[in-house]
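# Working through the structure, step by step
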Amino acid sequence: MAQRLGARDMRPAVLRPLFEDNPSTQPPILASITADLAAIAQRDPACPDSLHARLNLKGFHALQTCRMAHHLWTAGRSEAAFALSSHAAGIFGIDIHPAARIGAGIMLDQGSGIVIGETAAVDDNVSILQNVTLGGTGKEHGDRHPKTRSGVMLGAGANILGNIEIGTMSKAAAGSVILQDVPAHCTVAGIPGRIVRCHLADSPPAFEMGQMLQRRPRTRHGVKRNNIVQMMRLPPCQIPRYHGITLIGWTSHLMNSPSKPLPPSQQATPAGTATMPVRGALASLSLSMLLPALGTSIANVALPDMARALHAPFQDVQWIVLAYLLAITALIVSVGRLGDMIGRRRLLLAGIALFAAASILCALAPTLWLLVAARALQGLGAAVMMALTMAFVGSTVPKARTGSAMGLLGTMSAVGTTLGPALGGLLIARFGWQAIFLVNVPLAGVALLLAWRYLPADRGGAHARRPVFDHRGTLLLALTLAAYALAMTLGRGHFGMRNAALLLAACVGGALFVRVELKAPAPLIRLAMLRAPVLSAGLATSMLVSTVMMSTLVVGPFYLSRGLCLGTAVTGMVLAAGPLVAAFCGVPSGWLVDRYGAQRMGGAGLCGAAAACLALSLLPASLGIPGYVAPIMLLTASYALFQAANNTAVMGDIVPDQRGLISGMLNLSRNLGLVTGASVMGAVFAAGAGDIAGARPAAMIRGMHATFAVASALILAALAIFALGRALAKPPTPSGDPA
């Protein structure tokens, strides 16, 4: 490859180290090359063996040059990346922007005239023929190029324009011009592209490489019978709709009437039309998000009963909650990365099964420490579910509905948090404390069945990319996060020597983790990807906003009961207002994100949160319950909007083989914010109120005002980080960028 690219201004001796070193230092690149060779051998009948591809096929050479240019781009060497990709375009006649995200198992047949724009994404196992364009529709900046999902075949001369999605295992016919989203398992042809065929999922077009739209004689009414049979076998909601008429209804009409032309519009499925597999997948993901939240909140109410039943002091019983939270915090990033490597569906099924089995062990535990160990196992299962749930959204939900899906998952998390105390109290009163664990078993069984039935199968097989798992980095990160979580939670609000030692251990562990990751051939977290402004800003703002949200749980009970002198029942009802608002606002927030964009709604959510915190820091106590509830409702609704927008923005720009890792990092940032908020914001409240045990109502009010004044500053800092990340994510388009 270095010899083929060599020229007067770019000599082979300079290029050769780049091609020699990158695969050895970046195992995923080498694995992608291997998968590309396997794809060519499988799909190209003119290629006798992999040696022929390595020596002679310019499409393969151009693709690997693109991978090297993309590596330079992600490492911050944009000028070198542009130089390499521009030079390759002149040699091979293929123009791929170095920022474009290309998966593994890609076949560029011949490759001449292929153009792929800056924000385009091509998932694994895609076949692209000559003169295909994945371009934009104008001079707009930002995310403006197509997203091609796995198993897709793009026929010769196809033009896919704009920020649209070509669904899994679809096919674009030769010469077609596609301007709208294409549903999964559909063939699109014409100018503009229209759906002409629906097919089943057992034969990916990328593997078939079929160029013919009709393989069997037509019926007397012009409709191919085998296509009708295939479509009849699909679930009814999976059949594309054209202006409200299902394809099954249309073909049935044709079979019983004289021949008529096709409907006036055969465009892709509208954004609001859900398919049965999508609904089933969302149901399984919703339960997978509900169960971990329920496992967190339902156990708190049972601590007194478990202390009496197990004859243990309350300080020891708290480890039932701590073990669960520590397992989630310490392992959520690692299991997310593991899902990317071995298959997310496989690992999620194992995680749900582990959560159910651990719940049974918790109910049967005869001693406290066996119960704590079972809770740690349950936390591991919860970490798997939390890390992989958001990762599945990108592969199961159309891009136009990603925000709605994220909002639904946020709603389910809020429902689990809200439902836990009430459900736990009812179960304990009637069946005993063991019932709070056994209730998870049927819910997990339903989630397992739905996930097995509807979630997409893991791709790859024998040629899947399997980089080496970073055991040292995983161990160091788990110990570091566990030390930090313990430093923030032990001591019940009093920061002593033990907390300081744990915090110091966390700092040392963090430094060692960075050093190990910089030297690891296949690191758990590639630190260079944190240079991406959307990702780094999303993680930072998520942690800051979660820290503020924890203030409501820390300060609220004291302010209501001691500052406003409310009774226990009234205090509980007022505290329930926030979670109820979160439960009802999740789905509408997702719809707003889909309608108006993640960046705009993320900023709106932060502005609303800042206004709410400012109001809580200034409003007088004379306003009573309404003066507290109204800002809290605004804060919670703004948080739901921000979470849906932030998760959509971060997960929308991630390559498929990193979705589990990034989802785990997002959940980790939220958990670290909650843990930090419980300690830091509690300390701020104590400093403002003085001695909490004997404080008067006026002191409680001062403490609440001080806490939310600090919260306002944190939200403003998050807003500044958000604005900076948004500005950095919009660099001016270079002149050489494919339109």
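Summary of the structure given here. (Residues numbered from 1 in each chain as written. Predicted model: local features only at pLDDT ≥ 70, side-chain atom pairs only at ≥ 80, totals over all residues. Heavy atoms only, no water.)

This next bit is on helix α23 (residues 577–596). Here α23 is 20 residues long and its end C-alpha atoms lie 27 Å apart, about the 28 Å a rise of 1.5 Å per residue gives. At Cys-585, α23 shows its strongest bend, of approximately 40°, with the proline Pro-588 following within four residues. (Helix = DSSP H or I, 4+ residues; strand = E, 2+ residues; numbered from the N terminus. Expected span 1.5 Å × (residues − 1). Bend = angle between axes of the 7 residues up to and from the residue.)

One open sheet accounts for five strands, arranged β1-β4-β7-β10-β13; its pairing is parallel. Every other strand in the sheet has two partners, leaving β1 (95–96) and β13 (177–178) as the edge strands with one partner each. One ladder, built from two bridges, connects strand β10 (residues 159–161) with β13; its direction is parallel. Bridge pairing in β13 links Ile-160 to Ile-178. (Pairing = 2+ DSSP bridges.)

Glancing now at the nonpolar core. Core analysis: the largest hydrophobic core is formed by 70 residues, its most contacted members being Ile-332, Val-333, Leu-348, Ile-525, Ile-662 and Met-665. At ten residues, helix α15 (residues 368–396) tops the list of elements feeding residues into this core. Apart from residues no more than four positions distant in its own chain, Leu-348 is found in contact with Leu-285, Ser-288, Val-384, Met-385, Leu-388, Phe-392 and Leu-455. If you look at the next biggest cluster of nonpolar residues, it comprises 34 residues, including Ala-610, Tyr-639, Phe-642 and Phe-708. (Core = buried A, V, L, I, M, F, W, Y, C linked by side-chain atoms within 4.5 Å. Buried < 20%, exposed > 50% of the residue type's maximum accessible area, 1.4 Å probe, protein only. Contact = heavy atoms within 4.5 Å.)

Residue placement: Ala-391 occurs in helix α15. Residue classification places Ala-391 among the buried residues on the basis of a relative accessible area of 0%. Sequence spacing of Ala-391 and Gly-336 is 55 residues, and the spatial spacing of their C-alpha atoms is 8.5 Å. The residues touching Ala-391, leaving out its near neighbours within four places in the chain, are Arg-344, Met-651, Arg-659, Gly-660 and Ser-663.

In this section: the pattern of salt bridges. This structure, assessed with the given rule, holds four salt bridges. Between Arg-144 and Glu-118 there is a salt bridge, and its shortest N-O distance comes to 2.8 Å. Remark: Glu-118 occurs in the loop between β4 (115–116) and β5 (121–122) and Arg-144 occurs in the loop between β7 (133–135) and β8 (147–148); sequence separation between them is 26 residues. Both residues of the pair, Arg-144 and Glu-118, count as buried. Put simply, Arg-149 and Asp-123 hold a salt bridge, and the shortest N to O gap is 3.5 Å. Here Arg-149 is found in the loop between β8 and β9 (153–154), whereas its partner Asp-123 is found in the loop between β5 and β6 (127–128), with 26 residues between them in sequence. Looking at Arg-149, the relative accessible area reads 11%, which means it is buried. The structure contains a network of salt bridges with shared partners spanning Asp-123, Arg-149 and Glu-165. (Salt bridge = Lys/Arg side-chain N within 4 Å of Asp/Glu carboxyl O.)

Taken together, Ile-360, Leu-364 and Leu-438 make up a surface patch of nonpolar side chains, about 280 Å² in accessible area. Mapped onto the fold, Leu-438 is located in helix α17 (residues 435–438). Among the residues examined, Leu-438 registers a relative accessible area of 42% and is labelled partly exposed. (Patch = residues over 30% accessible without salt bridge, like charges linked within 9 Å, V, L, I, M, F, W, Y side chains within 5 Å. Areas by Shrake-Rupley, 256 points an atom, 1.4 Å probe, with all protein chains shown as cover.)

Let us now look at the packing of helix α24 (residues 598–618) against helix α27 (residues 697–728). It is at 8 Å that the axes of α24 and α27 come closest, and there the two elements cross at 160°. The angle between α24 and α27 places the two elements in the roughly antiparallel class. For the pair α24 and α27, the sense of crossing is left-handed. Looking at the contact of α24 with α27 residue by residue, the class counts come to 17 nonpolar, six polar and two charged. (Axes fitted to C-alpha atoms, helices over the stretch in contact; angles between N-to-C directions. Parallel < 35°, antiparallel > 145°, perpendicular 65-115°, else oblique. Left-handed = near helix turned anticlockwise from the far one by under 90°. Nonpolar A, V, L, I, M, F, W, Y, C, P; charged D, E, K, R; others polar.)

Right, let's talk about the packing of aromatic side chains for a bit. Enumeration over the complete set of coordinates arrives at two aromatic pairs. With a centroid separation of 6.2 Å and 85° between ring planes, the pair formed by Trp-433 and Phe-437 is classed as edge-to-face. Here Tyr-559 and Tyr-628 contribute two aromatic rings whose centre-to-centre distance is 5.6 Å and whose plane-to-plane angle is 35°, an arrangement assigned as tilted. Here Tyr-559 is found in helix α21 (residues 533–563), whereas its partner Tyr-628 is found in helix α25 (residues 624–652), with 69 residues between them in sequence. Summarising the burial analysis for this pair, Tyr-559 and Tyr-628 share the class buried. Over the ring of Tyr-324 we find Arg-375; its NZ or CZ atom is 4.2 Å from the centre of that ring. In this arrangement the basic side chain of Arg-453 is found over the ring face of Tyr-454, its NZ or CZ atom lying 4.9 Å from the centre. (Phe/Tyr/Trp six-rings, centres within 6.5 Å; stacked < 30°, edge-to-face > 60°. Lys NZ or Arg CZ within 6 Å of the ring centre and 35° of its normal.)

The next subject is the side chain of Arg-67. Tracing the chain through its elements places Arg-67 in helix α5 (residues 58–74). A polar contact of 3.5 Å, which involves the side chain of Arg-67, links it to the backbone oxygen of Ile-102. Aside from chain neighbours lying at most four places away, what touches Arg-67 is Ser-32, Asp-36, Ile-102, Gly-103, Ala-104 and Ile-106. (Polar contact = N/O pair within 3.5 Å; in protein donor to acceptor, adjacent residues only side chain to side chain.)

In short, the description is geometric, and any link to function would need to be established separately.
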